[in-house]
Amino acid sequence: SFSTVGLSDALRGAEGALSFGSHVPTEQRHSILAHERAEVHTVAHNSSGSMILTGSDDRTVKLWDSRNGTRLSALEGAVKAVMCVGFSPDGSMVLGASGDFAVRVWNLKTCRVLHTLTGHTAKIYTAKFFPDSQSLLSSGYDRNIKLWDLHKGLVSRTMLCTSSCNDAAVSRDGGMAASVHLDNTIRFWDARQGEFAHELTGAHTQPITSVLFHPINDRHIVTNARDDTLCVVDVRKYDVVTTLRHPGYKNGVNWNRAACSPDGAYVAAGGSDGNVFIWDLGTEQVVRTLSGSHRSPVVACSWGDNDQLATIEKEHRLVL
């Protein structure tokens, strides 16, 4: 079920690309009851920022027009909760990683399943497309990171890790992957060879819940953890550059995803009290706390290239 006109319009792109610097959000534009009777776990913008995906315990991936909050489609097929969603960089596909041990890939225009990628033996918490949109990686609680060939719909490499994986990210050139784990460790991988590269301990003292490559400086990743801190890590020196804190920030779930602004100046993360905290990466200080929009823990943020911040809370609501 989807709006053909609305989807076609959203596929054409955003109503304004970011051309100067990002702005720190000040007010709620839309508040949407995204998944009425189920916990929500994940949110992601497409490359232009014109569309958003959400995934939840109701086993659906929902597609939204980010400009007006209209629901465009509900993608079905998952048998258990959807823990991670994402758009392919070329805009043709979306993915949903599920607790049913599978990653599904849908054609965005037809909203039909292209691939059901099976092979994991436990809940999958993360999946990410590579920049070429021809492959993806997935990982979760079976302690495997799998690389998939989307031409064949088959796994091309399995990399073993010693701890359950909460999230992973791929560099803009597709050469490196970073994964974060239940054992408080960041692991780095040669994504082209499908081989382990390095392990970093000590950045966090509790399970790490998210990782992303900085949108401008690909030498840096940003991590979020249950020790209520975020870290900027240099991926060449394998060293912590910055640790971000705030007395009010409490990370409430093992899959809590932070987001960077498109210009790389800010990072946003949601707290267990329903507030969203925004740090300036230059000053390392919180420059704004967005409050009053959420009534339950905020579990994921996405900051689109149209400079729109999207946040989701555990209990049903998406706020733009």
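In case you missed it, the structure is sitting above this.
Residues numbered from 1 in each chain as written. Predicted model: local features only at pLDDT ≥ 70, side-chain atom pairs only at ≥ 80, totals over all residues. Heavy atoms only, no water.

Student: Please clarify how the sheet that holds strand β27 (residues 309–313) should be interpreted in this entry.
Tutor: Backbone-to-backbone hydrogen bonds join strands into a sheet, with any given pair of strands oriented parallel or antiparallel. The 4 strands lie next to each other as β1-β28-β27-β26, forming an open sheet whose pairing is antiparallel. Bordering the open sheet on either side are β1 (31–33) and β26 (298–303), each of which pairs with just one other strand. Averaged over all pairs of adjacent strands, the angle between their axes in this sheet comes to 20 degrees, without regard to strand direction. (Pairing = 2+ DSSP bridges. Helix = DSSP H or I, 4+ residues; strand = E, 2+ residues; numbered from the N terminus. Axes fitted to C-alpha atoms, helices over the stretch in contact; angles between N-to-C directions.)

Student: Just to check I follow, could you spell out the environment of serine 171 for this structure?
Tutor: In this fold, serine 171 is placed in the loop between β14 (165–170) and β15 (176–181). Given a relative accessible area of 3%, serine 171 falls into the buried group. In this structure the C-alpha to C-alpha distance between serine 171 and serine 302, which are 131 residues apart in sequence, comes to 17 Å. If sequence neighbours within four positions are ignored, serine 171 has contacts with Pro131, Met176, Phe213 and Asp218. Polar side-chain contacts of serine 171 include one of 3.3 Å to the backbone nitrogen of glycine 175. (Buried < 20%, exposed > 50% of the residue type's maximum accessible area, 1.4 Å probe, protein only. Contact = heavy atoms within 4.5 Å. Polar contact = N/O pair within 3.5 Å; in protein donor to acceptor, adjacent residues only side chain to side chain.)

Student: For this particular structure, what's the right way to read the state of the cysteines?
Tutor: A covalent bond between the sulfur atoms of two cysteines is referred to as a disulfide. Counted by the stated rule, this structure contains 0 disulfides. Sulfur of cysteine 165: no disulfide; nearest cysteine sulfur belongs to cysteine 161 and is 6.0 Å away. Summary of cysteine pairing: cysteine 231 is not part of a disulfide, and the nearest cysteine sulfur, belonging to cysteine 260, is at 13 Å. (Disulfide = S-S within 2.5 Å.)

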